[in-house]
Amino acid sequence: MDYVGLAEAAAEKMGLYRRDPGGWRGCRRTSEVSVSWRPSAEFAGNVYRGEGIVPASTRDVWECIKPVAGGPRTKWDQNVKDFEVVEAISDTISVCRTTTPAAFMRIISPREFVDVVLMKRYEDGTMLSAATNVEHPLCPPQPNFVRGFNYPCGCFCIPLPGEPDRTQLLSFFQTDLGGYLPQTVVDSFFPASIAGFYSNLTKAVKALKV
């Protein structure tokens with residue numbers, strides 16, 4: 001499997017989403033994030049867009065969300081129970097397995113995801129984490145988990161000129177949760193989950209400063 005090619009294609013797709021403002025429909029707004037969606041071109045579901053300002057430096061925000069083994073994400077992100085690097089392809093690309101706890105009043109049972117993940121730094125200081133689903137011989141489906149599939153998704157940590165303690169976080173989620181969930185459950189879960197992601201991240205970066 002061409003992990004490098006798949007990772008770079010996911011990153012390229014994130015750039016396309018970032019530059020394409022058309023067709024997004026708002027579905028949830030909080031003090032921390034505006035969430036919108038449009039039909040996915042990758043699978044029979046939606047791609048969700050979250051945009052908000054996090055009150056912390058780009059370095060601190062990245063420290064909280066970067067996809068590395070032993071990172072803080074499992075501590076603050078309620079949708080990540082465990083994160084492991086299965087194979088390091090390069091310094092910036094790895095195959096990872098993520099497990100999630102039961103969610104939505106346990107209507108959604110625990111999930112597992114296997115993705116190739118790419119980390120990239122741009123000249124203006126923007127950091128990107130991009131991912132997409134893959135298969136790996138060391139990650140057969142596990143009992144007690146439903147295998148879900150992340151289609152190209154990712155987060156941009158974007159510095160704000162003249163505001164070193166504020167960061168724009170632009171995120172894209174498009175996930176097939178697998179199993180046999182009613183569409184109404186899926187449509188309710190993602191906007192609430194993304195709002196929770198931004199809220200919990202904001203708390204996490206504030207805790208870094210203490």
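Quick caveat: nothing in here was measured; it's all calculated off a predicted structure.

Chemist: Explain the overall build of the protein chain to me, please; I cannot follow it from the model alone.
Modeler: Helix and strand content of the protein chain: four helices and 12 strands. In terms of overall dimensions, the protein chain is globule-like: its C-alpha atoms have a radius of gyration of 16 Å, near the 17 Å expected for 210 residues. With respect to the three principal axes, the spread of C-alpha positions in the protein chain is 50 × 40 × 35 Å. Looking at the protein chain as a whole, 51% of its 210 residues are labelled buried. Here the contacts in the protein chain between residues at least 6 apart in sequence split such that 58% fall between residues at least 24 apart. For the protein chain, the computed accessible surface area is about 10,500 Å², with 53% contributed by carbon and sulfur atoms. The positive charge centre, built from 23 side chains, and the negative charge centre, built from 23, are 7 Å apart in the protein chain.

Chemist: Would you mind showing me how to read the pairing of strand β1 (residues 25–29) here?
Modeler: Consecutive side chains along a regular strand alternate between the two faces of the sheet. Note that β1 and strand β2 (residues 34–39) share four bridges and pair antiparallel. Looking at the pairing, R25 lines up with W37 of β2. Here β1 folds back onto β2 in antiparallel fashion, the turn holding four residues.

Chemist: Explain helix α2 (residues 58–65) to me, please; I cannot follow it from the model alone.
Modeler: In an α-helix, one turn spans 3.6 residues; hence positions three or four apart end up facing the same way. Of all the eight residues making up α2, six are buried; the element is thus mostly covered by neighbouring parts of the structure. The complete set of buried residues in α2 reads T58, D60, V61, W62, C64 and I65.

Chemist: Where do I start with the packing of α2 against helix α4 (residues 183–209) in this structure?
Modeler: Where α2 meets α4, the closest approach of the two axes is 10 Å, and the angle between their N-to-C directions is 115°. Of the two elements, α2 crosses α4, and the hand of that crossing is right-handed. Along the contact surface, α2 presents D60, V61, C64 and I65, while α4 presents F197, L201, A204, V205 and L208. A per-class count over the contact of α2 with α4 returns eight nonpolar, no polar and one charged.

Chemist: Before we go on, may I ask you to explain the packing of aromatic side chains in this structure?
Modeler: A ring pair, where both rings are aromatic, is described by two values, the distance of the centres and the angle of the planes. Going through the model one piece at a time under the given rule, you end up with 10 aromatic pairs. Ring-pair connections join several aromatic residues into one group, and the members of that group are Y48, F104, F189 and F190. Over the aromatic face of F156 sits the side chain of R18, whose NZ or CZ is 4.9 Å from the ring centroid. Lying across the ring of F145, R97 places its NZ or CZ 5.5 Å from the centre.

Chemist: How should I be thinking about the nonpolar core in this particular structure?
Modeler: Generally speaking, a soluble globular protein has its nonpolar side chains buried in company with each other. Of all hydrophobic cores here, the largest spans 31 residues; its most connected members are V61, I65, L169, L177, F197 and L201. Elements represented by at least two residues in this core include exactly β3 (46–54), α2, β10 (153–160), β11 (163–173) and α4. Among the elements that line this core, the one with the most residues is α4, at 11 residues. The contact partners of V61, leaving out residues within four places of it in the chain, are V54, A56, C157, T167, L169, L201 and V205. A10, M14, V114 and A130 belong to the second largest nonpolar core, which has 22 residues in total.

Chemist: Sorry if this is basic, but what is going on with the environment of Q78 here?
Modeler: Within the secondary structure, Q78 is located in the loop between α3 (73–76) and β4 (82–88). Other than its neighbours up to four places away in sequence, Q78 contacts P101, G196 and N200. Of the polar contacts made by the side chain of Q78, one reaches the side chain of N200; its length is 3.4 Å.

Chemist: Teacher, can you tell me more about the state of the cysteines here?
Modeler: Covalent bonding between the sulfur atoms of two cysteines is what defines a disulfide. Using the criterion set out here, one finds zero disulfides in the structure. With no disulfide of its own, C96 has C139 as its nearest cysteine by sulfur position, at a separation of 9.3 Å. Here C155 stays free of any disulfide, with the sulfur of C157 as its closest cysteine sulfur at 6.8 Å.

Chemist: Help me understand the pattern of salt bridges, please; the structure alone is not making it clear to me.
Modeler: Close approach of charged atoms allows side chains of opposite charge to pair. Per the stated rule, a full pass over the model turns up 10 salt bridges. Here E112 ties to R97 by a salt bridge, and the two come within 2.8 Å at their closest N and O atoms. In this pair, E112 sits in strand β6 (residues 111–121) while R97 sits in strand β5 (residues 93–100), placing the two residues 15 residues apart along the sequence. With respect to class, E112 is no different from R97; both count as buried. Where R166 meets E163, a salt bridge forms, and the shortest distance between an N and an O atom there is 2.6 Å. Classification of R166 by relative accessible area gives partly exposed; the value is 37%. Residue classification places E163 among the partly exposed positions, given a relative accessible area of 33%. One continuous salt-bridge network, built from bridges that share partners, spans E84, R97, E112 and R147.

So, how was this worked out
Residues numbered from 1 in each chain as written. Predicted model: local features only at pLDDT ≥ 70, side-chain atom pairs only at ≥ 80, totals over all residues. Heavy atoms only, no water. Helix = DSSP H or I, 4+ residues; strand = E, 2+ residues; numbered from the N terminus. Rg over C-alpha atoms; globule rule 2.2 N^0.38 Å. Buried < 20%, exposed > 50% of the residue type's maximum accessible area, 1.4 Å probe, protein only. Contact = heavy atoms within 4.5 Å. Areas by Shrake-Rupley, 256 points an atom, 1.4 Å probe, with all protein chains shown as cover. Lys, Arg positive; Asp, Glu negative; His and termini not counted. Charge placed at Lys NZ, Arg CZ, Asp CG, Glu CD. Pairing = 2+ DSSP bridges. Axes fitted to C-alpha atoms, helices over the stretch in contact; angles between N-to-C directions. Left-handed = near helix turned anticlockwise from the far one by under 90°. Nonpolar A, V, L, I, M, F, W, Y, C, P; charged D, E, K, R; others polar. Phe/Tyr/Trp six-rings, centres within 6.5 Å; stacked < 30°, edge-to-face > 60°. Lys NZ or Arg CZ within 6 Å of the ring centre and 35° of its normal. Core = buried A, V, L, I, M, F, W, Y, C linked by side-chain atoms within 4.5 Å. Polar contact = N/O pair within 3.5 Å; in protein donor to acceptor, adjacent residues only side chain to side chain. Disulfide = S-S within 2.5 Å. Salt bridge = Lys/Arg side-chain N within 4 Å of Asp/Glu carboxyl O.

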